[in-house]
Amino acid sequence: MPDVLLVEDKESLRRVLRLTLEHAGYSVTEAADAREAVNEIGRVPHKIVLTDLRMPNGSGIDVLRAAKNADSDVPVIVMTAYGSIDEAVQAMKDGAHDFLQKPVDSNHLLLLVERALEQGRLRTENLLLREEWSKRYGFPRILGESEAIKRAVAETQRVAQTDATVLLLGESGTGKELFARAVHHLSNRRDKPFVAINCAAIPETLIENELFGHERGAFTGAGERRLGKFELASGGTVFLDEIGELPLLAQGKLLRVIEEKSVDRIGGKAPIPVDVRVVAATNKDLRAAVDRGEFRGDLFFRLAVFPIDIPPLRDRGDDVVLLARHFAAQLGKELRGREAALSEMSISALRAHRWPGNVRELENSIERACILADGASLEPRDLGFTNEQLSDPKAVGFDISGTLGEATERAVTMVERQKIADALAANDDNKTRAAESLGVSYKTLLIKIKEYGL
């Protein structure tokens, strides 16, 4: 509920304005003069200030300046009687959002308040868009057919409908942020912000400021109030990636935020209520870190209300091929103007590789291949596999079991299929020209195309 600070010395008018605002759904804090208003502004933040211009113990200009000093973005609407329009214009030059002439029209008042709050919401959204990769927002698509990934997806769907804290466990590059976004977009918070924070990327001296914000003058260089990520995510989800890298001092403050649902800005005088859902992720063994005294046990158990294990790519079977084809199609369009295909040798090499960098390594390899490849298909060397790796049939996943004849037959089949696929691609699927380039008859080519499912 938006919080309005109403500053008016006439009690009867103040009461009418308060009832009008409360009836419209706003919470209202009252102040009877400028001094009381300035004290209230210093005590707790408000989302909007509605102040009379002329009153005892100061003026509306004093209130305006105090509000702007506390938070340069807070909108201030100045009420003025007929005859003091010049003062109202001066107030707007000093940073007032708008002015309202007395006697106050209720509909006009509510319109100005809603407009001011909407502009504030837009400012917050723009800030988030600048700090996040907005182009990747939207419902995340998690690809995979292996039992391990299906289990992780099912657990994500189950917990998303609750407000439980989630701890995502898995190696680097397994897609933990993708799962965090899925938790958010499947929840009733989907229309609110999703704010991601990499705890390992922020210096220890700045982490508290980044998470919880600061008040104006809290330290040297703090020229104005700054909201922390928890306040920016109000109503939505905070994703704390690499939570195992969070310093011990910040861990204690994070635990308090999660338990009390409020944050203390640096230099603040009162806690600020926040309504956020916390999703954390780590590639570390946090239980071992707790035993070593490197991570707080109480925070670990508070975060691990619902742990989800994200499997490494090497344990996902043929998902590596499914993902590789998806990336080849997507990145091929972006980088080459058309979808890229994977050769049979490439698919064998992809299956055989251990992928220590997981899905991130696979995506980077496909992107590199799309840039380097000369032909229509991505070959193993385009994907970064060395000559030494490719010289060993087992290293690229080629099945050499059975008799010499059986292994040779499999090799011939693989080579034939690849040569035909390359010829078709090089000749824009013109079968006559493809047959000529391969040195076979048109009829033979048609038989092979059908045999190999091309």
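Residues numbered from 1 in each chain as written. Predicted model: local features only at pLDDT ≥ 70, side-chain atom pairs only at ≥ 80, totals over all residues. Heavy atoms only, no water.

1. Section: helix α14 (residues 344-352)
Residues three or four positions apart in an α-helix share a direction because the helix packs 3.6 residues into each turn.
Move 1: If you check which residues of α14 are buried, you get Ser-346, Ile-347, Ser-348, Ala-349 and Leu-350.
Move 2: The inward-facing, buried residues of α14 abut α13 (319-336), β15 (341-342), α15 (358-372) and β16 (377-378). (Buried < 20%, exposed > 50% of the residue type's maximum accessible area, 1.4 Å probe, protein only. Helix = DSSP H or I, 4+ residues; strand = E, 2+ residues; numbered from the N terminus. Contact = heavy atoms within 4.5 Å.)

2. With respect to the pairing of strand β6 (residues 166-169)
Move 1: As defined by bridge partners, β6 adjoins strand β13 (residues 277-282) across four bridges and the pair is classed as parallel. Within β13, the position partnered with Leu-167 by the bridge is Ala-280.
Move 2: The pairing of β6 with strand β14 (residues 306-309) spans four bridges and is parallel. Pairing of Leu-168 across the sheet is with Ile-308, part of β14. (Pairing = 2+ DSSP bridges.)

3. A short note on the environment of Ser-343
Move 1: Examined against the element boundaries, Ser-343 turns out to sit in the loop between β15 and α14.
Move 2: For Ser-343, a relative accessible area of 1% puts it in the buried group.
Move 3: Between the C-alpha atoms of Ser-343 and Lys-284, which are 59 residues apart in sequence, the distance is 36 Å.
Move 4: Filtering out sequence-adjacent residues up to four positions away, Ser-343 remains in contact with Ser-377, Leu-378, Glu-379, Pro-380 and Gln-418.

4. Description of the confidence of the model for the protein
Move 1: Looking at the protein, pLDDT values average 85 and 91% of them are 70 or higher.
Move 2: Every residue in residues 133-138 is under pLDDT 50, and counting partners more than four places away or in other chains gives seven contacts. (pLDDT = per-residue confidence, 0-100.)

5. A look at unusual backbone geometry
Generally, phi is negative for residues other than glycine and the peptide bonds are trans, each holding for most cases.
Move 1: The peptide bond linking Lys-102 to Pro-103 adopts the cis configuration, its omega dihedral lying at -5°.
Move 2: The phi dihedral of Glu-242 falls on the positive side, at around 55°, and the residue is not glycine.
Move 3: Looking at the element boundaries, Glu-242 is found in the loop between β10 (237-241) and α10 (248-260).
Move 4: Overall, the relative accessible area of 16% leaves Glu-242 in the buried class.
Move 5: Positioned with a positive phi, Asn-358 is a non-glycine residue whose angle comes to about 60°.
Move 6: Looking at the secondary structure, you find Asn-358 in helix α15.
Move 7: With a relative accessible area of 0%, Asn-358 lands in the buried category.

6. Considering the pairing of strand β2 (residues 27-31)
Along any regular strand, the residues point their side chains to alternate faces of the sheet.
Move 1: The sheet contact formed by strand β1 (residues 3-7) and β2 spans five bridges and is parallel. Of the residues in β2, the one forming a bridge with Val-7 is Ala-31.
Move 2: Tracing the backbone out of β1, into helix α1 (residues 11-23) and back to the parallel element β2 gives a crossover that is right-handed. (Right-handed = clockwise from strand over helix to strand, strands pointing away.)

7. A word on the packing of aromatic side chains
Move 1: On inspection of all chains with the given rule, the structure shows three aromatic pairs.
Move 2: Taken together, a centroid distance of 6.2 Å and an interplanar angle of 25° make the contact between Phe-194 and Phe-239 stacked. Here Phe-194 is found in strand β7 (residues 194-198), whereas its partner Phe-239 is found in strand β10, with 45 residues between them in sequence.
Move 3: The exposure class assigned to Phe-194 is buried, which follows from its relative accessible area of 5%. (Phe/Tyr/Trp six-rings, centres within 6.5 Å; stacked < 30°, edge-to-face > 60°.)

8. Digging into the pattern of salt bridges
Move 1: Counted under the stated rule, the structure contains 26 salt bridges.
Move 2: Notably, a salt bridge pairs Asp-52 with Lys-102, separated by 3.1 Å at the nearest N-O pair. Here Asp-52, found in strand β3 (residues 48-52), pairs with Lys-102, found in the loop between β5 (98-101) and α5 (106-131); they are 50 residues apart in sequence, far enough to count as distant. No difference in accessibility class separates Asp-52 from Lys-102, as the two residues are buried.
Move 3: Between Lys-284 and Glu-245 there is a salt bridge, with the nearest N and O atoms lying 3.0 Å from each other. Pair noted here: Lys-284 is in the loop between β13 and α11 (286-291) and Glu-245 is in the loop between β10 and α10, with a separation of 39 residues, a long-range link.
Move 4: Judged by relative accessible area, which is 35%, Glu-245 ranks as partly exposed. (Salt bridge = Lys/Arg side-chain N within 4 Å of Asp/Glu carboxyl O.)

9. Some remarks on the side chain of Asp-98
Move 1: Within the secondary structure, Asp-98 sits in strand β5.
Move 2: Buried and without a salt bridge, Asp-98 has Arg-115 as its closest oppositely charged side chain, separated by 4.5 Å.
Move 3: Setting aside anything within four residues of it in sequence, one finds Asp-98 in contact with Val-76, Ile-77, Val-78, Met-92, Leu-112 and Arg-115. (Lys, Arg positive; Asp, Glu negative; His and termini not counted.)

10. Describing the packing of helix α2 (residues 34-43) against helix α3 (residues 60-70)
Move 1: The interhelical angle for the contact between α2 and α3, taken along N-to-C directions, is 5°, at an axis separation of 9 Å. Accordingly, the angle class assigned to the pair α2 and α3 is roughly parallel. Residues Ala-34, Ala-37, Val-38 and Ile-41 of α2 touch α3, and the partners they reach there are Asp-62, Val-63, Ala-66, Ala-67 and Ala-70.
Move 2: Tallied by class, residues from the contact of α2 with α3 come to eight nonpolar, no polar and one charged. (Axes fitted to C-alpha atoms, helices over the stretch in contact; angles between N-to-C directions. Parallel < 35°, antiparallel > 145°, perpendicular 65-115°, else oblique. Nonpolar A, V, L, I, M, F, W, Y, C, P; charged D, E, K, R; others polar.)

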